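# Remarks on the overall topology
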Amino acid sequence: MANLKVNIAGVDFKNPIITASGCFGFGREYEDFYPLSKLGGISLKGTTYEERLGNPPARIAETASGILNSVGLQNPGVRHFIQEDLPYLLDKGTVIIANAAGSAIEDYRLLAEALDASAVDMIELNISCPNVKSGGLTFGASCESAAGIVREIRKATSKPLMVKLTPNVTDIASIAQAVEAEGADAVSLINTLVGMRIDIESRRPVLHQNTGGLSGPAVFPVALAMVWKVANAVKIPVVGLGGVEKWQDAIEMMLAGATGVQVGTAMFYDPYAPVKIIEGMNEWLDRNGIADVNEIIGQVRPW
Amino acid sequence: MSYIQNVYPIQSRTAIARDVFDVLVHCPELAAQSRAGQFVHIRVPGHTLRRPISICEVDRAKGTIRLVYEVRGSGTEALSNLTTGDLMDIMGPLGNGFTLLEPDAKAIVVGGGIGTPPMLETAKHYAENCTAILGFRDAAHVILDEDFDACGCDVRLATDDGSRGHHGFVTDLLRQRLAEESADIIYACGPKGMLKAVADLAAEFGVRCQVSLEERMGCGVGACLVCACKVARENGDPTYKHVCKDGPVFEAKEVIF
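Predicted model, so just to flag it, every value in this text is computed and none were measured.

## Notes on empty space enclosed by the protein
With a probe scaled to a water molecule rolled over the atoms, the places where space remains empty come into view. Residue and element names in this part refer to chain A. Inspection of the entire model under this criterion finds one cavity of 30 Å³ or more. The space that makes up the largest cavity amounts to roughly 510 Å³. Lining the largest cavity are 37 residues, with Ser21, Cys23, Asn69, Asn191 and Thr192 positioned closest to its centre. Counted by class, the lining of the largest cavity contains 18 nonpolar, 17 polar and two charged residues.

And the structure:
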């Protein structure tokens, strides 16, 4: 058995596989399938300072090898999360990452303060949600605004801070550098790509919000290329996500430079996907005589 | 209750109306836990999303569940290619199911089109104390009427074109039935317009009513929050609950149609 332990932003993970925010709720729902302790970490459902009801349905549409979603950050708010959901997760033997979202800098700051005082292991700052009218993606879309919000949040928390980046930009590497310069401890990428489907009979977009975020295997090559670019542009750890469904995908992500890998949409069709990926990754390392998973990070040999 | 996901053999598959398939799956551990009004989430070859299909009947002794579904798009079409002997990847049982009263209570089940199958297991519970009001487009689309007959309930049919049973809506028959005699509970599944009309009638006659809702679904277990339906909180304020975990069955008075 190879060593699967990795360290991201000072936090030890027993393996590099993390369930992606928005696809795993607050963890409870998947405990029937396997103990959460098998996972390296859990990135929880995006949480805002105040409760959010989310968008009207339909919130999901199927696409070729993927899905579009426009949930719109439905969540019970950070106080409810800390009182009702977090205690249940703390003794599960996995890293707990709060995904923090908002629509104004002040909300983000209050949220970060609340999370800073909680027992979460890490904060993933979501400046890349495409499904809310204000804030979200707009914070992550330019170097200036991304740097600005990370600067504020960095003042509000000493927890390890990972910033989740949007792919809906011209140059994701420069945004990663901008948040690194403001004290981000890690970056995760990619959030979803903006997409759309139309019902040709009603001539209505399938999603009530008209557009939504594309995820699933369709986006994997896009995510991989962006992870590779970012990993070559920053010194902080990179967590790769976007369409990962198999252990081979996770190894590709790590070869491209990811220290951790998140799994999301794949769980909709196979709830065991993260566990199968951990097992497959371990067997591949053994077969290749690699004693430590850290040895493959960034080891792609580009032409 | 706990969720199970595994592959199970299809024992039989029959077309029972145009584009409607009747499938019996051998899945003892799933059948052992399934209740009336719950559903299963089925993986579809070549598709990212599973398809939620309501459970029509459960036979714990034989270890089977019966699924009756209509081909509506590419997903259910791909599903319909699975036949006897093939394996079906099923997650379930999911959702809350109907609240069943004592079997001697007076119950009415209302099924509209492909909303009919989930009512059968509930009708069986009440047998002769149940009135089944079933509505379809036309005679060619009538399904399961003989199954409802066989469980002893009073079956009343309606079709949109009058080619079978009452020419008109299920709500005409429901009003008639409620005028004859009161009921302890009404259960309904079908198009949203029908559910709203049934809920209004139930309120008018002061009868408890549960409706089974449908919405485009993701994970099926309450994690992704896409299958939202608007309901009223206790203080009357609107919020979104989720069909997969909080439902698919809701008290009609709670739903904001």
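Read on, since the account is not over.
## So, the pairing of strand 10 (residues 186-189) of chain A
Residue and element names in this part refer to chain A. Every second residue of strand 10 is oriented toward a common face, with Ala186 and Ser188 on one face and Val187 and Leu189 on the other, all of them buried. Two elements, strand 9 (residues 161-164) and strand 10, share three bridges in a ladder whose sense is parallel. Bridged to Val163 within strand 10 is Val187. Taken together, strand 9, helix 5 (residues 172-181) and strand 10 form a β-α-β motif whose crossover is right-handed.

## A word on the interface of chain B and chain A
With 30 residues of chain B in contact, the opposing surface of chain A contributes 33 residues. Roughly 2600 Å² of surface becomes buried between chain B and chain A when both sides are summed, with 58% attributable to carbon and sulfur atoms. By the criterion of area lost to chain A, the three top residues of chain B are Thr48(B), Arg216(B) and Tyr240(B), representing 25% of everything that side buries. Across the contact surface, chain B and chain A share three salt bridges. For Arg51(B), the salt bridge goes to Glu62(A), with nearest N and O atoms at 2.6 Å. Our count for the contact surface shared by chain B and chain A stands at 14 residue pairs in polar contact (both at pLDDT 80 or more). Where the side of chain B that touches chain A is concerned, the elements lending two or more residues are strand 1 (4-17) and strand 14 (238-242) of chain B. Considered class by class, the residues forming the side of chain B that touches chain A number 15 nonpolar, eight polar and seven charged.

## Considerations on the sheet that holds strand 10 (residues 166-167) of chain B
Residue and element names in this part refer to chain B. One open sheet accounts for seven strands, arranged 10-9-8-7-11-12-15; its pairing is mixed. Both edges of this open sheet fall to strand 10 and strand 15 (249-251), since each of them pairs with a single strand only. Pairing between strand 7 (residues 107-112) and strand 11 (residues 185-189): five bridges, direction parallel. Bridged to Val109 within strand 11 is Tyr187.

## Observations concerning the nonpolar core
With 138 residues, the main nonpolar core has Leu189(A), Val110(B) and Ile186(B) as its most contacted residues. Per-element accounting of this core gives the leading share, seven residues, to helix 9 (residues 273-287) of chain A. The residues touching Ile186(B), leaving out its near neighbours within four places in the chain, are Ile108(B), Val110(B), Leu174(B), Leu178(B), Val198(B), Ala202(B), Val207(B), Arg208(B), Cys209(B) and Gln210(B). Core analysis: the second largest hydrophobic core is formed by 27 residues, Phe98(B), Ala123(B), Tyr187(B) and Val249(B) among them.

Thresholds applied
- Residues numbered from 1 in each chain as written.
- Chains lettered and ligands numbered in written order.
- Predicted model: local features only at pLDDT ≥ 70, side-chain atom pairs only at ≥ 80, totals over all residues.
- Heavy atoms only, no water.
- 1 Å grid on protein atoms, 1.4 Å probe; cavity = no way out; pocket = protein on both sides within 12 Å on 5 of 7 lines; lining within 4 Å.
- Points joined across faces, edges and corners; volume = space filled by probe spheres on them.
- Nonpolar A, V, L, I, M, F, W, Y, C, P; charged D, E, K, R; others polar.
- Buried < 20%, exposed > 50% of the residue type's maximum accessible area, 1.4 Å probe, protein only.
- Helix = DSSP H or I, 4+ residues; strand = E, 2+ residues; numbered from the N terminus.
- Pairing = 2+ DSSP bridges.
- Right-handed = clockwise from strand over helix to strand, strands pointing away.
- Contact = heavy atoms within 4.5 Å.
- Buried area = accessible area lost by both parts, 1.4 Å probe.
- Salt bridge = Lys/Arg side-chain N within 4 Å of Asp/Glu carboxyl O.
- Polar contact = N/O pair within 3.5 Å; in protein donor to acceptor, adjacent residues only side chain to side chain.
- Core = buried A, V, L, I, M, F, W, Y, C linked by side-chain atoms within 4.5 Å.

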